[in-house]
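Next come the chains, spelled out residue by residue.
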Amino acid sequence: MDSCNTIPTSMNEEPTAPAPAPKPRFDTVFRRYCRRRRCAAFFAAIVRTAAFAVCLLLLFALLDYSLTFEETARRTGGYIWRALVGLYLLYDLLRACSYPRRKLAEELDAMRHDSRRSILSAWELETNKDADTSSLGQWLREQATQQTASDLKTYLRRSHAVLKRFAFPLLGILLLAGFCTGIYTAWPKESLVVLNRLMRPELDTPPLSPYTFTVKPAVLEVHYGGDLLIQAEVEGPALEGTLELWVRQPGLAMQKLPAFREKDNMWARRLEKVTQACEIAFATDNGKARSHWQPVRINYRPRITAGTVTVTPPAYTRMPAATSALSGQEITVPEGGAVTYTIQSNRSLSSGTAVYRAERPGAVDETVQGKIVRENTCIFTLPVRYSGNLTIDLKDTGGDNLEKPLESKIRTQSDLPPVVNLRKPSEDCFVVIGYPFELEAEASDDYGLVRFDLNRNTEGTRPRPTSILGTPGDRDMKTTLGIDLRKLGAQPGDVFELGVEAQDANPYRLNITTSPTVKVTVISEEEYAEMLRMEASLEDFKARYEELQNELNKTIEALAAAENIEDPAKRAEALEKIKQQHQKTKKLAETIAKDFPIFDSDKQLSALAEQLASELQQNMDDAEKTDPKSGMKQWNESMKQMQARLGASAQNLNQQKEDAEKAANVAAIMELLYEFQALTEEQKEMQNRFLAYVSEMKQGRRVTTEQLEALGEDQQNIHDRLETWSEKIPKVIENLPDEAAKFKDILLTFQAKYSELDIPEIMEAAIDESRNLHHAPEAYDYASQAYEAMKKLIDETMSNDGEGLDPSECLSGACQSAARQMMEALCKQCQGQGNDPMKNGQGNGAGAGYGGNGARPSMPGSRSIVGPPRSKRAGSGSAESSHSAQGGQGNRGNNHSGNDPGKSSPSPSEAGEKEIDFSDSNWEQVPPTYRDAVRKYFKPANQ
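Residues numbered from 1 in each chain as written. Predicted model: local features only at pLDDT ≥ 70, side-chain atom pairs only at ≥ 80, totals over all residues. Heavy atoms only, no water.

Caption draft 1: Representation of the overall build of the chain. Helix and strand counts for the chain stand at 19 helices and 31 strands. When contacts within the chain are restricted to residue pairs at least 6 apart in sequence, those whose partners lie at least 24 apart make up 72%. When the accessible surface of the chain is summed, it comes to about 50500 Å², and 51% of that surface belongs to carbon and sulfur atoms. (Helix = DSSP H or I, 4+ residues; strand = E, 2+ residues; numbered from the N terminus. Contact = heavy atoms within 4.5 Å. Areas by Shrake-Rupley, 256 points an atom, 1.4 Å probe, with all protein chains shown as cover.)

Caption draft 2: A look at the sheet that holds strand S13 (residues 338–345). Spatial ordering of the open sheet is given by S11-S10-S13-S17-S16, a layout of five strands whose pairing is antiparallel. Edge strands, defined here as strands with exactly one partner in the open sheet, are strand S11 (322–325) and strand S16 (371–374). Sheet twist, expressed as the average angle between the axes of neighbouring strands with direction ignored, equals 25°. Bridge count between strand S10 (residues 304–312) and S11: four bridges; the pairing is antiparallel. Pairing of Val311 across the sheet is with Ala322, part of S11. (Pairing = 2+ DSSP bridges. Axes fitted to C-alpha atoms, helices over the stretch in contact; angles between N-to-C directions.)

Caption draft 3: Layout of the packing of helix H12 (residues 632–698) against helix H13 (residues 705–735). For the pair H12 and H13, the least separation of the axes is 10 Å and the interaxial angle reads 165°. Comparing their axes, H13 and H12 come out roughly antiparallel. The way H12 lies across H13 gives a crossing that is left-handed. Partitioning the contact of H12 with H13 into residue classes produces 15 nonpolar, seven polar and six charged. (Parallel < 35°, antiparallel > 145°, perpendicular 65-115°, else oblique. Left-handed = near helix turned anticlockwise from the far one by under 90°. Nonpolar A, V, L, I, M, F, W, Y, C, P; charged D, E, K, R; others polar.)

Caption draft 4: The side chain of Glu244, seen in detail. Among the structural elements, Glu244 can be located in strand S4 (residues 243–248). No salt bridge is formed by the buried Glu244, whose closest oppositely charged neighbour, Lys256, lies at an N-O distance of 5.0 Å. Only 3.1 Å separates the side chain of Glu244 from the side chain of Trp246, close enough to count as a polar contact. When residues no more than four places from it in sequence are discounted, the contact partners of Glu244 are Lys256, Leu257, Pro258, Ala259, Ala281, Phe282, Ala283, Thr284 and Asp285. (Buried < 20%, exposed > 50% of the residue type's maximum accessible area, 1.4 Å probe, protein only. Lys, Arg positive; Asp, Glu negative; His and termini not counted. Salt bridge = Lys/Arg side-chain N within 4 Å of Asp/Glu carboxyl O. Polar contact = N/O pair within 3.5 Å; in protein donor to acceptor, adjacent residues only side chain to side chain.)

Caption draft 5: Quick peek at the UniProt feature "transmembrane region" (unreviewed entry) in the chain. Sites flagged by UniProt as "transmembrane region" (unreviewed entry) map to residues 40–63, 78–94 and 166–187. Measuring from the first to the last C-alpha atom of residues 40–63 gives 35 Å, for a span that is 100% helix and 0% strand. A helix fraction of 95% and a strand fraction of 0% characterise residues 166–187, whose end C-alpha atoms lie 32 Å from each other. (UniProt positions renumbered as here; feature names shortened; annotations may be inferred.)

Caption draft 6: Structural view of the confidence of the model for the chain. Taken over all residues, the pLDDT of the chain has a mean of 78, while the share at 70 or more is 83%. This stretch, residues 832–859, has a pLDDT under 50; its non-local contacts, to residues over four places away or in other chains, come to 66 contacts. For residues 875–921, every residue scores under 50 in pLDDT, and the model assigns this stretch 108 contacts once sequence neighbours within four places are set aside. (pLDDT = per-residue confidence, 0-100.)

Caption draft 7: Highlighting the sheet that holds strand S3 (residues 226–235). Taken together, four strands build an open sheet; the order of strands is S1-S3-S7-S6 and the sheet is antiparallel. Both outer strands of the open sheet, strand S1 (212–216) and strand S6 (260–261), are each paired with one neighbouring strand and no more. As paired elements, S3 and strand S7 (residues 266–274) share seven bridges and run antiparallel to each other. In the strand pairing of S7, Leu228 is matched with Leu271.

Caption draft 8: Summary view of the UniProt feature "coiled-coil region" (unreviewed entry) in the chain. Within this structure's numbering, the places UniProt gives as "coiled-coil region" (unreviewed entry) are residues 531–565 and 606–689. Helix makes up 77% of residues 531–565 and strand 0%, whereas the separation of the span's terminal C-alpha atoms amounts to 52 Å.

Caption draft 9: Seen up close, helix H8 (residues 525–533). In terms of burial, H8 is a largely internal element, seven of the nine residues being buried. Among the residues of H8, Glu527, Tyr528, Ala529, Glu530, Met531, Leu532 and Arg533 are the ones counted as buried.

Caption draft 10: Representation of the nonpolar core in the model. Counting 92 residues, the largest nonpolar core has Phe541, Leu548, Phe676, Leu722, Trp725 and Ile759 as its most contacted members. When residues in this core are grouped by element, the largest group, 23 residues, is from H12. Once you skip the residues sitting within four places of it in the chain, Ile759 turns out to touch Phe676, Leu722, Tyr754, Ala786, Ala789 and Met790. The next biggest cluster of nonpolar side chains, apart from the first, holds 25 residues, and it includes Ile483, Leu485, Phe496 and Val866. (Core = buried A, V, L, I, M, F, W, Y, C linked by side-chain atoms within 4.5 Å.)

Caption draft 11: Up close: H12. In this model, H12 (67 residues) spans 93 Å end to end at C-alpha, consistent with the 99 Å of a helix rising 1.5 Å per residue. When the local axis directions of H12 are compared, the greatest deviation, roughly 35°, occurs at Gly647. Gly700 lies just past H12 and shows a positive phi near 80°. (Expected span 1.5 Å × (residues − 1). Bend = angle between axes of the 7 residues up to and from the residue.)

Caption draft 12: Here's a closer look at the packing of helix H10 (residues 568–594) against helix H11 (residues 600–625). Between H10 and H11, whose axes approach to 8 Å, the crossing angle comes to 155°. By the angle between their directions, the pair H10 and H11 is classed as roughly antiparallel. As for how H10 packs across H11, the hand of that crossing is left-handed. Here Leu575, Lys579, His582, Gln583, Thr585, Lys586, Ala589, Glu590, Ile592 and Ala593 of H10 come into contact with H11, specifically with Leu605, Ser606, Ala609, Glu610, Ala613, Leu616, Gln617, Asn619, Met620, Ala623 and Glu624.

Caption draft 13: Representation of the packing of aromatic side chains in the model. In this structure the tally under the stated criterion is eleven aromatic pairs. An angle of 20° between the planes, with centres 4.7 Å apart, marks the rings of Phe52 and Tyr88 as stacked. Of this pair, Phe52 sits in helix H1 (residues 26–67) while Tyr88 is found in helix H2 (residues 71–97), placing the two residues 36 residues apart along the sequence. With a relative accessible area of 25%, Phe52 lands in the partly exposed category. Look at Tyr88 and you get partly exposed, because its relative accessible area is 27%. Arranged with centres 5.7 Å apart and planes meeting at 35°, the rings of Tyr224 and Tyr300 form a pair that is tilted. Placement of the pair is Tyr224 in the loop between strand S2 (220–223) and S3 and Tyr300 in the loop between strand S9 (294–299) and S10, with a sequence separation of 76 residues. Through successive ring pairs, a cluster of aromatic residues spans Phe676, Trp725, Phe750 and Tyr754. The positively charged end of Arg248 is found above the aromatic ring belonging to Trp293, 3.9 Å away from the centroid. The ring of Tyr386 has Arg360 lying over it, and the distance from NZ or CZ to the ring centre is 4.3 Å. (Phe/Tyr/Trp six-rings, centres within 6.5 Å; stacked < 30°, edge-to-face > 60°. Lys NZ or Arg CZ within 6 Å of the ring centre and 35° of its normal.)

Caption draft 14: Quick peek at unusual backbone geometry. Cis geometry marks the peptide bond from Lys216 to Pro217; its omega dihedral reads -5°. The residue Pro217 is located in the loop between S1 and S2 in this model. Here the bond from Lys424 into Pro425 is cis, since omega is -5°, no more than 30 degrees from zero. As for its placement among the helices and strands, Pro425 is situated in the loop between strand S20 (419–424) and strand S21 (429–432). Located in the positive-phi region is Lys273, a residue other than glycine, with phi close to 50°. If you trace the backbone, Lys273 turns up in strand S7. The exposure class of Lys273 is exposed, given its relative accessible area of 66%. Residues other than glycine seldom take positive phi values, yet Asn564 does so here, at roughly 65°. What makes Asn564 exposed here is its relative accessible area of 55%.

Caption draft 15: Quick peek at the pattern of salt bridges. One pass over the structure, following the stated rule, counts 31 salt bridges. Of the charged contacts in the structure, one is a salt bridge between Asp92 and Arg48, with a shortest N-O distance of 2.7 Å. In this pair, Asp92 sits in helix H2 while Arg48 sits in helix H1, placing the two residues 44 residues apart along the sequence. The class of Arg48 is partly exposed, set by a relative accessible area of 32%. Arg423 is the partner of Glu442 in a salt bridge, and the nearest nitrogen-oxygen pair spans 3.5 Å. Here Glu442, found in strand S22 (residues 437–444), pairs with Arg423, found in strand S20; they are 19 residues apart in sequence, far enough to count as distant. Of the residues examined, Glu442 reaches a relative accessible area of 24% and is grouped as partly exposed. Residues joined in a network through salt bridges with shared partners are Arg423, Glu440, Glu442 and Lys478.

And the structure:
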């Protein structure tokens, strides 16, 4: 058995104790401490190096913010930063490695507060090679080192001295990490900018600044040799100074170009004729703020840089070619012309192709090869007959085509026929034989005229063209001709047809235009006078005498007022008034003297006016010779002499005026009767309309209250006009001359019978009954009674044993004939149909309308009349006008109203009504069933 397990053989033997643990060796414990201590030093060195690196980085950020390093400087700064950090780390590590053990032993003694310096002593004993080598010396040395090692081990375990060495660097790491985290949290963008600019200088990192740049367009691309507009939108505080556009190219110095402000925060710069790739960036003028560098790419495909379009019209137009810039707008080419495109490119060209697609059915695309005239210029020439679309494509010497072919719209302009217009006369007209009238014609063409003819012929014959062409090729022509029909052999009753015709020079089209034909009816002076009498009123007839007499009286009064004036200044003033009044009266007399006479009495008035104008001129000559400073006797004699010269004419004019008033007052008798007869005819029509309404109602057809009320309104209109007419009778009777006493009695009898018949009251009854649908027959009865009473009255008054009523028989001479002429004209004015009551159906008034007996022309209606001038005096308050060959051509409308012929009725357009012509011929076309409805909707033009 092993000795350790034996049982003691005797009781005196003690048991054997376990072997003690070996004591630690000093060099082992101290060496372990030194290794850990160096590790802590290494760790602290790394932490210090990190702090040093952060400080350098902050310093670089400040310098970069102030100096704005470019890539080369930043790359160099990065190298320097790395070198400094590496050197500092190497230095700190070397210092930690070279820390002596003696210092460590002294450090431990100081930490243990050991005044005996046992650890240093033990280390020295261990390292002392000259120590005592005896057994005792070795034993003592071992005992001392072992005891020190045991104490050191115990101290290190209890004090955690090594861990404390790691605590401070660890705390430094935490502080540094917190500092860096805080900076990044507060300024993340700025932190990344600083790190990227130092650590990664190869990246395009703009300098740290408060501005943000947005470059437009986002992708910078330009055609070779083209211009590129670059814009930058700057966000941030107000920018001080200006912006620059930096351009850099490999191997070349960077260019700094000034940018221009477009808006408050928008800047722009145009790069012109860019042919090489480059990089650009916007930056402030001090360089402390900059955008990212962006590449500018070059598109080497051909591009159209400029172009012109030349339009060559056809040769017959004699128009020059027109060249304009190619702007993408529609090109207009005269039909049959040619268009030439001259295209310039930014690249050298090898070929060009144009394809034209005409806009017409079945058209085949036409291909035209371009002609290279210069290195970068190509020409295309295309004849054009139809509108279409042109597509042009270019190819450069490298074989590249346009990115997008050029498209152009071509529109052909047709050669329109000439435009002709016969301006005067513009419509059918009457022309007085022997009176020259003016013909005015005009023609125009878009390219020029080669023929302009006046076509003239009588009805039923072929036109006889007469050239009135001016200069051939003119675009606009206007011709005025004076025509005397007597020289052409015309006679009253002949009808000429006039028209103009023009042709242009187009060889491909027969462009001939003819104006509408105008009929010119030749009339005699007698017929012309009759037509003018149809427009004349009694007031106009008397006004000519009254106006001339008034002016003549003013002239004589001015001469009388100038007598006995002593003051020369007042004489001069009075003399000037005399001259002005003479001039005014003379002008009026000359106008009346030249007027075309339409009444027999006008000839006497014209002769008197001519003589008076001569006398007035003599007075004006004498007034010029009269000296305001002459003696009173001489002055008064001059005034009396001038008055005496006008005295005979004044008396003659006064006599003619009295005769004219007699004629007009006598004619007023027939005017009243004619108006009453016209109202009678209208009442007859009113009766027939009521009858038609009652017939429709009895036949069970649909009739309305509104239709009956419309009939009542028309009856009211006749009633009102009849009342107005009756108010004229007393005045006409009062104005009759003594010679017309017989006809005064007739009018008084007529007035008495009119009052006895109560015609207005009968009409009022018809109006009242028309307000009730069921009383339509009663309304018809009253309308019929009114008509029968009116017809009876006119028949009894205007018929006398078959003899016509002729009030002019009480007059004589020119006064009698003028009265008859007026009555005849008044008859035709007041009556639309029926016989002339003055002749009982026989004579000049017979027939329908205003027509005569076949020997006289019918009234012109809307046709103008060209004849000698005839002024229309302003006796009734209307403005003065005249009928003349040129300015007096106007409409001569018929008067169906039955109102005062001297007053014009308002037109339907003036009254706000729908305008329609309800002449008898048009009215017969309306079925009887619908006439009331039509009349309700359209107000007749004759009411």
